[in-house]
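# An overview of the molecular structure
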Amino acid sequence: RVLSNVVRSQAALHAEFGGVVPEVAGRSHLEAILPVIDEALAEAGAGLDDLAAIAVTARPGLIGSLLVGLSAAKALSWSTGLPLVDVDHIEAHVYAATMEEPEAIEYPCLALVVSGGHTALYAVESPLAMERVATTLDDAAGEAFDKVAWLLGLEYPGGPSIAELAT
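Summarised in this report is the structure supplied together with it.

Definitions and limits used
- Residues numbered from 1 in each chain as written.
- Predicted model: local features only at pLDDT ≥ 70, side-chain atom pairs only at ≥ 80, totals over all residues.
- Heavy atoms only, no water.
- Salt bridge = Lys/Arg side-chain N within 4 Å of Asp/Glu carboxyl O.
- Helix = DSSP H or I, 4+ residues; strand = E, 2+ residues; numbered from the N terminus.
- Buried < 20%, exposed > 50% of the residue type's maximum accessible area, 1.4 Å probe, protein only.
- Polar contact = N/O pair within 3.5 Å; in protein donor to acceptor, adjacent residues only side chain to side chain.
- Axes fitted to C-alpha atoms, helices over the stretch in contact; angles between N-to-C directions.
- Parallel < 35°, antiparallel > 145°, perpendicular 65-115°, else oblique.
- Left-handed = near helix turned anticlockwise from the far one by under 90°.
- Contact = heavy atoms within 4.5 Å.

Right, let's get into the pattern of salt bridges. Under the counting rule described, the total for this entry stands at four salt bridges. Here D86 makes a salt bridge to R59, at a shortest N to O gap of 2.7 Å. A residue pair is termed long-range when its members are at least 10 positions apart, and D86 in strand β2 (residues 84-88) and R59 in strand β1 (residues 54-59) qualify at 27 residues. With a relative accessible area of 47%, D86 lands in the partly exposed category.

Assignment of secondary structure puts S9 in the segment before α1 (11-15). The sequence separation of S9 and R27 amounts to 18 residues, and the corresponding C-alpha distance is 13 Å. Polar contacts involving the side chain of S9 include one to the main-chain amide nitrogen of A11, which spans 3.1 Å.

Between helix α2 (residues 22-44) and helix α3 (residues 63-80), the shortest axis-to-axis distance is 8 Å and the interhelical angle comes to 30°. Here α2 is positioned roughly parallel relative to α3, judged by the angle of their axes. Viewed along their axes, α2 and α3 form a crossing whose handedness is right-handed. Packed against α2, whose contacting residues are A25, G26, H29, L30, I33 and I37, the element α3 presents G64, S65, V68, G69, A72 and L76 at the interface.

Functional significance is not addressed by these values, which are geometric in nature.
Quick look at the structure:
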């Protein structure tokens, strides 16, 4: 059961560059991390005392952004005594697809994750057993759309802009 879902988009920050700039992303994460934590707890009607653990994206991703999240999570874990759980960002996308309707997924299955700088295929045997079978080495599908949109003079992010043009 999801108690809160706070999203802080950086799309406007990266739009002028036509794609994600790692340094800009890291600085934005630093500015947003504490307000987002506070907002998520408030939206859930919870406090730090209500938590059982602190989960944090530990890999893969932009190093600056990961360091901001890891630092905040480690500080929360240390100050509260709660266990720290590291999460693989790409695998989390597979799990997220099962959160609202876990019975809708039939196992085994193949999961396609297209997220920002990552595109990967996973063989999923059960909710807790998956293996990456393929991944991109360089640009992911999302980045390719951003680059094509930039070349065509369309707005960032590229995926929605290209989809609107195609329609």
